[in-house]
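Examination of the molecular architecture
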Amino acid sequence: MSLGPNSPEARDAASQMHPMVNFRAYEKTGGLVIDSGEGIYVTDNTGKRYIEAMAGLWSVAVGFSEPRLRDAAAAQMDKLPYYHTFSYKTHGPSIDLAEKLLSMTPVPMSKVHFTSSGSEANDLTCKMVWYRSNALGLKDKKKIIGREKGYHGVTIASGSITGLSRNHESFDLPLDRMRHTSCPSFVHFGLPDESEADFTQRMLRELEALILREGPETVAAFWGEPVMGAGGVLIPPPGYWEGVQAILRKYDILLVADEVITGFGRTGKMFGCETMGIEPDVIVVSKQISSSYMPISAIIVNDRFYQPIADESARLGVFGHGFTASGHPVAAAVALENLAIIEERGLVQNAADLSERFAAGLAALAQHELCASSRSVGLLGALEVKSWAGAATGTAAMTISAAAQEEGVITRSVGEALCFCPPMIITAQQIDDMFAGVSRALDTVAAQRAAEASVAAE
Ligand SMILES: Cc1ncc(COP(=O)(O)O)c(C=O)c1O
């Protein structure tokens, strides 16, 4: 792309440091300027329309043009645009949303604390875990176990629990209290001749060995996404979560389920914990809670988690933590309306009903000569493509993702996986359209590679 003088692309490249880019490359290429949205589609500043096959950042459940969310925000702006929840103050939207969340969780929960992003929520949960251990007089019980390829955000604590090297390198992360256990993706980490059942047992043995090596009395909590998202849509094998929970119970280790992507229907049930049979102490949610129309996240905790923290705040006189925007009334009002829409329109059932068509579409693409396999749960899936000899890992998926964008489908590549997480309002026909665009992209890339190979052979 050439950056026309004074174009939005040039002004952007000259003025912003964007997340998750190579800054030097961005200075030259700029970014795609998205101008408007409607349903599952977004339109760029040249008028080209795309299917947003990633729902933005795994988050826009109700699509990009929901008037009820605009109206909910406007009504709350008119009534009370801002108030805080510090120091014995509160307001209606935060009360209603906390009650709503407690009524939805698959296991009994006790309290909700609001934050504004997934990273903040995980960061604070981490602080709460330490605070709780201190409250119980367990001064050494502070270590946290995340998983390789797990993603929990990028702040100092949440970024440390994240198990992706790109989020650690040169940031001096992870913190020295954090550990990472193996990633339970059989497709990527199964050994030759190892069955999936044997792989699961090995994952569990490795977790237990890590806990024993560290000393169970030093391990406070285990963090996991029910299905890993940003690591490349990695679905754990049957028996994995059951086995993990047995180990955590044995050593009195808390379980934090990071449902920032899987929450509110993505896996075909309201929570990923239901799909995977998880009974956590803490559930962290964000993204689809408000379809990302407003930034908001929540930490939902059970009584065993809450009570010692409450005691400690009484002993100290205050829980010495708070964000200005915690439980922001406009964000809370939008989240409430968004959850009402998800329920009224049966979007969780829509994800469940369309999951077979979604899986079948991915499986059909996996037959393409450039592809290796596919996987999905609900409306969360990935197409694993074959890596290219001599090219850096990720080149193939990145090239195909760029070709898909040309074809009007925005996907996301992670390693050699092309990820899909469309808005939950998607229809069967739109799923077919989405995969048809990707199919055309695969053919284009295959033809380019064949042409390059024949030139090289001459
Ligand atoms: C599972 C999970 N946890 C936490 C986060 C971090 O959320 P945020 O980007 O809002 O900080 C993400 C973001 O993708 C996520 O997928």
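Up top is the structure.
The following paragraphs examine the structure supplied in this document.

Parameters at a glance
- Residues numbered from 1 in each chain as written.
- Predicted model: local features only at pLDDT ≥ 70, side-chain atom pairs only at ≥ 80, totals over all residues.
- Heavy atoms only, no water.
- Near = heavy atom within 4 Å.
- Polar contact = N/O pair within 3.5 Å; in protein donor to acceptor, adjacent residues only side chain to side chain.
- Areas by Shrake-Rupley, 256 points an atom, 1.4 Å probe, with all protein chains shown as cover.
- Helix = DSSP H or I, 4+ residues; strand = E, 2+ residues; numbered from the N terminus.
- Pairing = 2+ DSSP bridges.
- Axes fitted to C-alpha atoms, helices over the stretch in contact; angles between N-to-C directions.
- Contact = heavy atoms within 4.5 Å.
- Salt bridge = Lys/Arg side-chain N within 4 Å of Asp/Glu carboxyl O.

It is worth spelling out the site of the ligand at this point. Surrounding the ligand, one finds Ser117, Gly118, Ser119, Asn122, Tyr151, His152, Gly153, Glu225, Asp258, Val260, Ile261 and Lys287. In the model, an oxygen atom of the ligand is placed 2.9 Å from a nitrogen or oxygen of the Gly118 main chain. Here a nitrogen atom of the ligand sits 3.5 Å away from a polar atom, N or O, in the main chain of Tyr151. Relative to its unbound accessible surface of 390 Å², the ligand loses 84% to contact with the protein. Ranked by residues supplied to the shell around the ligand, first place goes to helix α6 (residues 118–135) with three residues.

Ordered by their spatial adjacency, four strands build an open sheet running β1-β2-β3-β13, and the pairing between neighbours is mixed. Strands at the two margins of the open sheet, each flanked by one partner only, are β1 (34–38) and β13 (409–410). Across four bridges, the pairing between β1 and strand β2 (residues 41–44) is antiparallel. Within β2, the residue paired with Glu38 across the bridge is Tyr41.

This brings us to the sheet that holds strand β14 (residues 412–414). The strand order across the open sheet formed by four strands is β11-β12-β15-β14, and the pairing between neighbours is antiparallel. On the outer flanks of this sheet lie β11 (371–377) and β14, each paired with one strand and no other. Taking the axes of each pair of neighbouring strands and ignoring which way they run, one obtains an average angle of 25 degrees across the sheet. Bridge analysis of strand β12 (residues 380–385) against strand β15 (residues 417–420) gives four bridges, and the strand direction is antiparallel. Directly across from Ala382, in β15, lies its bridge partner Cys419. Packed onto the sheet, helix α16 (residues 428–457) meets β11, β12 and β15 and runs at close to 160 degrees relative to β15.

Our next topic: the pattern of salt bridges. With the rule as written, the count across this model stands at 17 salt bridges. Note that Glu27 is salt-bridged to Arg24, the shortest N-O span being 2.7 Å. With a gap of three residues between them, Glu27 and Arg24 both fall in helix α2 (residues 23–29), about one helical turn apart. The residue Glu344 makes a salt bridge to Arg68 at a minimum N-O spacing of 2.8 Å.

With that out of the way, let us pick up the pairing of strand β3 (residues 49–52). In this sheet, β3 lies alongside β2 in antiparallel orientation, the contact comprising three bridges. Within β3, the residue paired with Tyr41 across the bridge is Ile51. In textbook terms, the turn of a hairpin is the stretch between consecutive antiparallel strands, and for β2 and β3 this stretch comprises four residues, one of which, Gly47, has a positive phi near 95 degrees. Examined bridge by bridge, β3 and β13 share two bridges and lie parallel to one another. In the strand pairing of β13, Glu52 is matched with Ile410.

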